[in-house]
Amino acid sequence: MNSNQIFPLSSWCVFQGIRNHMGECGELRSLRFTWQRPAKAASSEENFLYGTFVQLLGLARELADAGLKKLHVEKESGRNNLFALAAFDSGVVAEFELNETLPDSMPDTFFIKANFTHGHLTNQPLVGHFNEEGSVFADESGLRQFTVDSCDPEIAGSMLENVMTLCRLKGTPEMSGWEQLAEAVGKAVGQ
Amino acid sequence: MKEPIGILVAGSANPHIPGYCRGFANDPEYPWKIIAVADHDPARMANIREILKNKKVEYYSDWRKMLDAHPEADAVQIGSDNKDHFEMFREAMDRGYHIYSTKVPTMDPEEGAQLLKWSRNYSKVIQVELELHFNPQFRYARELVRSGRLGRIRSVYLTNISQSPCNYFPNWGDPELSYGKVVPIRPGADYFRGGALTDHPHPFDLVRWITGLEFREVYAMSARNQRKHLKVEDHVAVTGKLDGGVPFFINPSYSNLEEQVPARRLLWPKSLECNLKITGEKGYYAADFFDKPLYAVGRHCPSPDRLIVDMAPRPGLNPGNTLAGSFAACVRGERSAPESTLADGLNAVRIMNAAYDSIYRDSVVSL
């Protein structure tokens, strides 16, 4: 990318937000960039490496406020899928996870996490990769978000499926006073 | 209910030991009966005594005396600082006990080779604590990989990012006690090996356990510490190649900050980020350790003014589906091999030491 090329990711509101709050969390120590896209949205390998990745490196360099000291990349051969570590002269290390080879049923996921001496700035959810239920299996036939409740393999599905399986295996808990509740519902709906 | 096996706890310096003691104290079906606990540290011992106050347990300040006094015990749990593990292994093996070692058996390669040599002719069970084998998400990941549903593995990503335990367990932040010797993280650095990387062997084990692939090349970096006072590293990021050139990424850091309180609170805002992402030819699987989060803000919460992310309880259907339960099953002869062996533990240590060497030399280390 030469100096005349545009740098759109500097307009990313998450990056701008982190930059705006930089003074509130102490000194920056490490960064993590997550860039995940389905294969259908993948760019050319050239654009992936010299467009997207270079831009994310540029965001890291700006947040680290120092020059790039060392870059190490582990890339899947022939695919837009890489992990990278970058060290900056300020001692900040940035971690990169860029993957544009996910099944087409997957949505985009873009995160930055910045770790400071006295705080964190991130758009990454507190829990879950990108959903609060925690587990995702995607292939070309679709995307399934589910909970895995137990080491017993038959309990892996939606919350309700898991509850029903548990009741079958361990017995259904009794519910006292349900008649009263049913009567209240009946009255409320006029039956 | 099966008869619990009799355990001698040699040292409680490892932060996981109180958890095992709570299991014995509170769960009537716990697979272990703790017979005795030894620790030379009065504060740690007081904590254990409090946890076990309703149980008949004997206490020793000298772990060797405890081993000699209880030949009726089935097994020794090695729970000391890592530096003492080798001696405890040796003496427990001399006396013919089954052995359950917490976390790393030793970070010293020569000691590790010696332990492996001795273990080859040892008829008793040796299990090394490598966590998350019985966490359902990771077990499910293994099934997806091993059944071929994900197809050929193309990349693996695993983070195990926690708060630092060193505020609450100062010994954990002592490089000599943790790593066994004082080695700067890189030439001239003012912090040393023995921190987050030494604390987290299980991510390296999990990648092998789930994928069946071995580590071939390792490259690692360590950022300046978030906690300036810490003498051991709190950040490490590791990448490299598995069998077949498959790229991996592992982050076992203490990058989530903790509350500055004297007692350990694994609460705010989220104590542990343990994300697994496997990209395969046929599919993609991602999982978080926090499968069913519960968000709490409450006047009587230990951290009343902050959002706490906790886990909803998980159903336990099979008592054998725990590290303690699987060890007990091995000791009783109901299971042929431990869930995680001494060789598994030492394999993780080999990769961790390669990562340390990579940081020190700033170069790729081949395995």
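Shown above is the structure to which this text applies.
Remember, predicted model here, so these are calculated numbers, not experimental data.

## Observations concerning the overall build of chain B
- What chain B contains, in helices and strands, is 11 helices and 17 strands.
- Relative to the globule expectation of 21 Å for 367 residues, the C-alpha radius of gyration of chain B, 20 Å, shows essentially globular dimensions.
- The principal-axis extents of the C-alpha atoms in chain B amount to approximately 55 × 55 × 50 Å.
- For chain B, the proportion of its 367 residues judged to be buried stands at 62%.
- Sequence separation of 24 or more characterises 71% of the internal contacts of chain B that already satisfy a separation of 6 or more.
- Entry remark: accessible area of chain B is about 14100 Å², with carbon and sulfur atoms responsible for 49%.

## Brief notes about the overall build of chain A
- Of regular secondary structure, chain A possesses four helices and nine strands.
- For chain A, the N- to C-terminal ordering of α and β elements is α-β-α-β-β-β-β-β-β-β-β-α-α.
- Across its three principal directions, the C-alpha atoms of chain A cover 75 × 40 × 35 Å.
- In chain A, which comprises 191 residues, the proportion classed as buried is 48%.
- If you take every contact in chain A between residues at least 6 apart in sequence, the share linking residues at least 24 apart comes to 59%.
- Counting 15 positive and 25 negative side-chain charges, chain A places the averaged centre of each group 5 Å from the other.

## Remarks on the packing of aromatic side chains
All names here are of chain B.
- Counted under the stated rule, the structure contains 20 aromatic pairs over all chains.
- Summarising the aromatic geometry, the rings of tyrosine 100 and phenylalanine 327 are spaced 5.3 Å apart at their centres and angled 70° between planes, so their arrangement reads as edge-to-face. With a gap of 227 residues between them, tyrosine 100 in strand β5 (residues 98-101) and phenylalanine 327 in helix α10 (residues 323-331) connect regions that are remote in the sequence. Summarising the burial analysis for this pair, tyrosine 100 and phenylalanine 327 share the class buried.
- The lysine or arginine in question, lysine 55, covers the ring of phenylalanine 24, its NZ or CZ lying 4.8 Å from the ring centre.
- It is lysine 277 that lies over the ring of tyrosine 157; its NZ or CZ is 4.4 Å from the centre.

## Concerning the interface of chain B and chain A
- Taken together, the 67 residues of chain B in the interface contact 60 residues of chain A.
- Across the chain B to chain A interface the summed buried area is about 5200 Å²; carbon plus sulfur atoms make up 57%.
- It is Met221(B), Tyr284(B) and Leu317(B) that lose the most area in chain B upon contact with chain A, and together they represent 14% of the buried surface on that side.
- Linking chain B to chain A there are nine salt bridges.
- For Arg224(B), the salt bridge identified is with Glu27(A), shortest N-O distance 3.9 Å.
- The tally of links between chain B and chain A comes to 25 residue pairs in polar contact (both at pLDDT 80 or more).
- Elements that contribute at least two residues to the side of chain B that touches chain A include exactly α6 (136-146), β7 (153-159), β9 (215-221), β10 (237-242), β11 (247-251), β13 (275-280), β14 (283-288) and β15 (293-296) of chain B.
- Partitioned by chemical class, the residues of the side of chain B that touches chain A number 30 nonpolar, 19 polar and 18 charged.

## Here we look at the environment of Arg224(B)
- Within the secondary structure layout, Arg224(B) lies in the loop between β9 and β10.
- Here Arg224(B) falls in the partly exposed class, since its relative accessible area comes to 38%.
- Those residues within four positions of Arg224(B) in sequence are excluded, and the remaining contacts are Glu27(A), Arg29(A), Ser90(A), Gly91(A), Tyr191(B) and Asp234(B).

## What to know about helix α9 (residues 202-211) of chain B
- The buried fraction of α9(B) amounts to 10 of the 10 residues, a majority that puts the element mostly inside the structure.
- Of all the positions in α9(B), only His202(B), Pro203(B), Phe204(B), Asp205(B), Leu206(B), Val207(B), Arg208(B), Trp209(B), Ile210(B) and Thr211(B) are classed as buried.

## Quick look at the pattern of salt bridges
- The tally for this structure, following the rule as stated, stands at 40 salt bridges over all chains.
- Between Glu74(A) and Lys241(B) there is a salt bridge, with its nearest N and O atoms 2.9 Å apart. Of the two residues, Glu74(A) sits in strand β2 (residues 68-75) while Lys241(B) sits in strand β10, which places them in two different chains.
- On the basis of relative accessible area, Glu74(A) is assigned to the buried category, the value being 3%.

## Some remarks on the sheet that holds strand β5 (residues 109-116) of chain A
All names here are of chain A.
- Ordered by their spatial adjacency, six strands build an open sheet running β2-β3-β4-β1-β5-β6, and the pairing between neighbours is mixed. The open sheet is flanked by β2 and β6 (119-122), the only strands paired with a single partner. Averaged over neighbouring strand pairs, the angle between their axes works out to 10° when direction is ignored.
- Bridge analysis of β5 against β6 gives four bridges, and the strand direction is antiparallel. Along β6, the bridge assignment pairs alanine 114 with leucine 121.
- Of the strands in this sheet, β1 (28-38), β2, β3 (81-88) and β4 (93-102) are in contact with helix α2 (residues 45-64), which crosses β4 at around 155°.

## Considerations on the pairing of β1(A)
Residue and element names in this part refer to chain A.
- With 10 of 11 residues buried, β1 is to be regarded as a mostly interior element.
- Direction of pairing for β1 relative to β5: antiparallel, over a ladder of eight bridges. In the strand pairing of β5, serine 30 is matched with asparagine 115.
- Relative to β4, β1 is paired through eight bridges, and the arrangement is parallel. Looking at β4, one finds that serine 30 is bridged to valine 93.

## Some words on the packing of α6(B) against α9(B)
All names here are of chain B.
- The N-to-C vectors of α6 and α9 enclose an angle of 40°; their axes lie 8 Å apart at closest approach. Here α6 lies oblique to α9, going by the angle between them. Taken together, the residues of α9 that come into contact with α6 (itself represented by Phe138, Arg139, Ala141, Arg142, Val145 and Arg146) are Leu206, Arg208, Trp209, Ile210 and Thr211.
- When the residues that make up the contact of α6 with α9 are grouped by side-chain class, the tally is six nonpolar, one polar and four charged.

Definitions and cut-offs
- Residues numbered from 1 in each chain as written.
- Chains lettered and ligands numbered in written order.
- Predicted model: local features only at pLDDT ≥ 70, side-chain atom pairs only at ≥ 80, totals over all residues.
- Heavy atoms only, no water.
- Helix = DSSP H or I, 4+ residues; strand = E, 2+ residues; numbered from the N terminus.
- Rg over C-alpha atoms; globule rule 2.2 N^0.38 Å.
- Buried < 20%, exposed > 50% of the residue type's maximum accessible area, 1.4 Å probe, protein only.
- Contact = heavy atoms within 4.5 Å.
- Areas by Shrake-Rupley, 256 points an atom, 1.4 Å probe, with all protein chains shown as cover.
- Lys, Arg positive; Asp, Glu negative; His and termini not counted.
- Charge placed at Lys NZ, Arg CZ, Asp CG, Glu CD.
- Phe/Tyr/Trp six-rings, centres within 6.5 Å; stacked < 30°, edge-to-face > 60°.
- Lys NZ or Arg CZ within 6 Å of the ring centre and 35° of its normal.
- Buried area = accessible area lost by both parts, 1.4 Å probe.
- Salt bridge = Lys/Arg side-chain N within 4 Å of Asp/Glu carboxyl O.
- Polar contact = N/O pair within 3.5 Å; in protein donor to acceptor, adjacent residues only side chain to side chain.
- Nonpolar A, V, L, I, M, F, W, Y, C, P; charged D, E, K, R; others polar.
- Pairing = 2+ DSSP bridges.
- Axes fitted to C-alpha atoms, helices over the stretch in contact; angles between N-to-C directions.
- Parallel < 35°, antiparallel > 145°, perpendicular 65-115°, else oblique.

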